[in-house]
Amino acid sequence: MPEDRTHKVSCSSFTYELEVAFEILSGKWVPLIIWHLADGEPKRFGEMRRLMPKVTQKMLTQQLRALEKHGIVSRKVYQEVPPAVEYSLTEMGLKLIPIFESVNGWAVEYLDKRDG
């Protein structure tokens, strides 16, 4: 089955719009990718790997490509030897930052109460 038919984002098989958001943001490393790009500074692939040492090269590549496909991350290739690639958040990706900051605040509060 073509990938487009299996994803709610591309085939409109969702019941609630919230499902689309969770599908786009559901990858294990997606929140961290977005969080590391939130400062507005473009990051090279190698820098992203250093920031997230537990992610494999293959998984980081897959999740960056998916975010690029959904218009959350922008990929810029510089024609040099070796080619340099930088990733940054798009305008739509930047709109996620206040949401992530809020979720981070919730997590801090949750952990304080759980441990307290």
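Caption draft 1: Fine view of the sheet that holds strand β1 (residues 43-44). Reading across the sheet, the 3 strands line up as β1-β3-β2 and stay open at both edges, with antiparallel pairing between neighbours. Of all the strands in the sheet, just β1 and β2 (73-78) have a single pairing partner and so form its edges. Sheet strands in contact with helix α4 (residues 30-37) are β1, β2 and β3 (84-89), and its direction is about 95° off that of β3.

Caption draft 2: Region of the structure containing the side chain of E86. Checked against the element boundaries, E86 lands in strand β3. Buried E86, no salt bridge; nearest opposite-charge side chain is R44, N-O distance 4.3 Å. In terms of polar contacts, E86 uses its side chain to reach the side chain of Y78, at 2.9 Å. The contacts of E86, once residues within four sequence positions are left out, are P42, K43, R44, S74, R75, K76 and Y78.

Caption draft 3: Structural detail: α4. Along α4, the residues that are buried comprise V30, I33, I34, H36 and L37. Seen along its axis, α4 keeps its buried residues to an arc of 165°; they face one direction.

Caption draft 4: Spotlight on the packing of α4 against helix α6 (residues 57-69). α6 packs onto α4 with a crossing angle of 70° between their chain directions and a minimal axis gap of 10 Å. Judged by the angle between their axes, α4 and α6 are roughly perpendicular. Judged by residue contacts, V30, I33 and I34 of α4 engage L60, Q63, L64 and L67 from α6. Residues that form the contact of α4 with α6 fall into these classes: 6 nonpolar, 1 polar and no charged.

Reading the values: the criteria
Sequence order as written defines the numbering, with residues in each chain counted from 1. Selection of residues for local features in this predicted model requires a pLDDT of at least 70, selection of side-chain atom pairs for listing and counting requires 80 or more, and totals for whole chains, interfaces and linings are taken over all residues. Values reported for side chains reflect all heavy atoms of the structure, with hydrogen atoms and water molecules removed beforehand. Strand pairing is defined by DSSP finding a minimum of two bridges between the two strands. Helix and strand assignments come from DSSP, with helices taken as H or I runs of at least 4 residues and strands as E runs of at least 2, each series counted from the N terminus. Contact between two residues is taken to exist if any of their heavy atoms lie within 4.5 Å; hydrogens are not considered. Lines fitted to the C-alpha atoms define the axes, with helices restricted to the stretch that makes contact. Angles between their N-to-C directions range from 0 to 180 degrees. The rule is simple: take the accessible area with a 1.4 Å probe, protein chains only, and divide by the maximum for that residue type; under 20% is buried, over 50% is exposed, in between is partly exposed. This count recognises Lys and Arg as positive and Asp and Glu as negative, with His and chain-terminal groups excluded. Each salt bridge in this description consists of a side-chain nitrogen of Lys or Arg and a carboxyl oxygen of Asp or Glu lying within 4 Å of one another. Here a polar contact means two N or O atoms within 3.5 Å. Within protein one must be a hydrogen donor candidate and the other an acceptor candidate, and residues neighboring in sequence count only if both atoms are side-chain atoms. The arc in question is traced by the directions running from the helix axis to the C-beta atoms. Here the angle decides the label: under 35 degrees means roughly parallel, over 145 means roughly antiparallel, 65 to 115 means roughly perpendicular, and every other value means oblique. For this classification, the nonpolar set comprises Ala, Val, Leu, Ile, Met, Phe, Trp, Tyr, Cys and Pro, the charged set comprises Asp, Glu, Lys and Arg, and every other residue, Gly included, is treated as polar.

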